[in-house]
Amino acid sequence: MSETVLRVGAPARPVLVAEAERPAVRLTHVSKWFDTAGRRQTVLDDIGLTVGRGEFVCVLGASGCGKSTLLNLVAGLDRPSTGAIDVPGGRRPALMFQDHALFPWLTAGRNVELALRLRGVPRRERPERARRLLDLVRLKDAYGKRIHELSGGMRQRVALARALAQDADVLLMDEPFAALDAITRDVLHEELARIWAENNLTVLFVTHNVREAVRLGQRVVLLSSRPGRIAREWAATGTPEAALTARVTDALREEIRRHGRR
Amino acid sequence: MAAGETVAPREVRETAAVEAGLDALDSAPAGTARRPVGRLLRQRLLPPVVAVVLVLLAWQAAYEAELKPDYLLPSPADVGRALSDQWYEGTLFSTVWTSMERGALGFAAAVLLGTALGLLLSAVRPLRVAVGPVLSGLQSLPSVAWVPAAVVWFGLTDATIYAVILLGAVPSVANGLLSGVDQVPPLYLRAGRVLGATGAARVRYVLLPAALPGYLTGLKQGWAFAWRSLMAAELIASSPELGLGLGQLLENARSYQDMALVLATIGEILVVGIAVDLLLFAPLERRVLRSRGLAGAR
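As the structure is a computational prediction, the values presented were derived from the model and not from experiment. Residue numbering note: each chain is counted from 1, following its sequence as written. Whichever chain is written first is A, and whichever ligand is written first is 1; the rest continue in order. Local features in this predicted model are restricted to residues of pLDDT 70 or higher, and side-chain atom pairs are both shown and tallied only at a pLDDT of 80 or more, whereas totals for entire chains, interfaces and linings draw on every residue.

Caption draft 1: Here's a closer look at the sheet that holds strand β5 (residues 94-96) of chain A. Residue and element names in this part refer to chain A. When DSSP locates at least two bridges between a pair of strands, those strands are taken to pair. Secondary structure is summarised from DSSP: a helix means a run of H or I of at least four residues, a strand means a run of E of at least two, and numbering begins at the N terminus for each. Read from one edge to the other, the open sheet built from 6 strands follows the order β5-β6-β7-β3-β8-β9, with strand pairing classed as mixed. Whereas interior strands pair on both sides, the edge strands pair on one side only; in this sheet they are β5 and β9 (230-235). Recorded for the sheet is a direction-independent mean angle of 15° between the axes of neighbouring strands. For β5 and strand β6 (residues 171-174), the ladder comprises 3 bridges, and the chain directions are parallel. Paired with Ala94 across the strands is Leu171, a residue of β6. All axes here are fitted lines through C-alpha atoms, helices being fitted over the stretch that makes contact, and every angle between N-to-C directions spans 0 to 180 degrees.

What follows is the structure, given as structure tokens:
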């Protein structure tokens, strides 16, 4: 995070043009297919996407659009069939799952500490740093709690703290709030927005929820389904949320309708 | 966030307050109330005690009805006398200790070997396909079947006894670890990879802790097999050169036609088996499951 100078605690929008020069993630002509039982199934088709440093990009799509596959590729959990994925920061991106994926044999604090340990933070510093990260997601008191003692929203906040502990250049989020109730999701949106703005994060956020995408993202990218292609893209800055939500919803419905006609 | 608003401090405070409220409402109540000791004793200890007393009463009744001559069916009191004789001769603890020492040593070696074997098989797919079925088969082979072979190979020595223990317990431990590893949710492995846990770190920080419940079950079964194997070995490989263990005592009692001592020894073998399970494995298992939120209120 060398460019802290750009925005220190200022939630103002960064300048997209300047940051496109040094992107945090760049996908060029990325395709992914799986060969099952002699049939080739293309999941992602010729995806080109650039996420600038400090940018918050939401990828929106119905089921079967390959959203999760896209994140797996960027996270390095899987390889593209063709094309190139560039994460210039060099560090492994952090990834948050829909299911918190916290380790139940560790306390919340230890989960965060494990992430610190795996990236080489010395033992002495770990507890203090873990506490600070939990404090950031407003879970100071959860340090010694077991995962099963926490609510769904608290688990996702611990998962966020763990992801932040990786100090990655890019945070990938795979529908992290989809399984939460509406009020909890609402609150977590506000928290994520705050943490993003305060910590100079780059976020690539995948969701099927239009309101979520419009609310969080500076840019919303619509993926078509089967195969996943980039269908449309909107800049979310400058447009009233409700109007944009309506427009994006229309486009998504149109995408989905196409599949019924075939 | 579509419009570039600045989050006002008041709004942030409001979010924090709502969040705190949600946290308080949603989280599980802190710790379940401890059940009073008296009730716990009544509910968990009383039934087995009653069952044992009933068995003893039925036994006494059978003895008094003289269903069998008393050199075949001694009374509970005769067996108690055999036990107290052992106690006063000072052989009770030394005999039990000899067997337990062998059992513990053999089991420890079986855990080391079985764990290494399980890890190797879980890591090398072709090896697992080749050896896995054999290992499962070995688990159902009564280890007493190895005793004659071991006696021929090693003679009447401690090596025979340990060989039989290992052959009995290693497959259980290895299989337990394998099934524990198989049951690890793939999500944990992916999360581990994202965090940078690869190679040895992956095994140490993700795979082994995640596989612990299955592994513990394997250990428990491994101990049961080790103890049984030990008794079989001691019973058959009985010679004055070998220290006197429970199995040898059992064999000696049989050759003296001392039925009370036979039954007393069987009781001792049973008690050791139950005690190790109750005092070692049950608390361990309960702790592991409870800390993961997997155990019900038990």
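Caption draft 2: Molecular detail of the confidence of the model for chain B. All names here are of chain B. Within a predicted model, pLDDT stands for the predictor's per-residue confidence, ranging from 0 to 100. Per-chain confidence: chain B averages 87 in pLDDT, with 93% of residues scoring 70 or above. Working definition of a contact: two residues with C-beta atoms, positioned from the backbone, lying within 7 Å. Note on residues 1-6: pLDDT is under 50 here. Beyond four places in sequence and across chains, it has 15 contacts. Interface confidence in the predicted complex, given as ipTM, is 0.82; pTM for the same model is 0.78.

Caption draft 3: Local environment of the interface of chain B and chain A. On the chain A side, the residues contacting the 32 residues of chain B number 43 residues. Of all the secondary structure elements, the ones that give two or more residues to the side of chain B that touches chain A are α1 (9-26), α8 (186-195) and α9 (200-236) of chain B. Sorting elements by how many residues they give to the side of chain B that touches chain A places α1 of chain B first, with 8 residues. Under this grouping Gly is polar, as are all residues other than the nonpolar Ala, Val, Leu, Ile, Met, Phe, Trp, Tyr, Cys and Pro and the charged Asp, Glu, Lys and Arg. By residue class, the composition of the side of chain B that touches chain A is 19 nonpolar, 7 polar and 6 charged.

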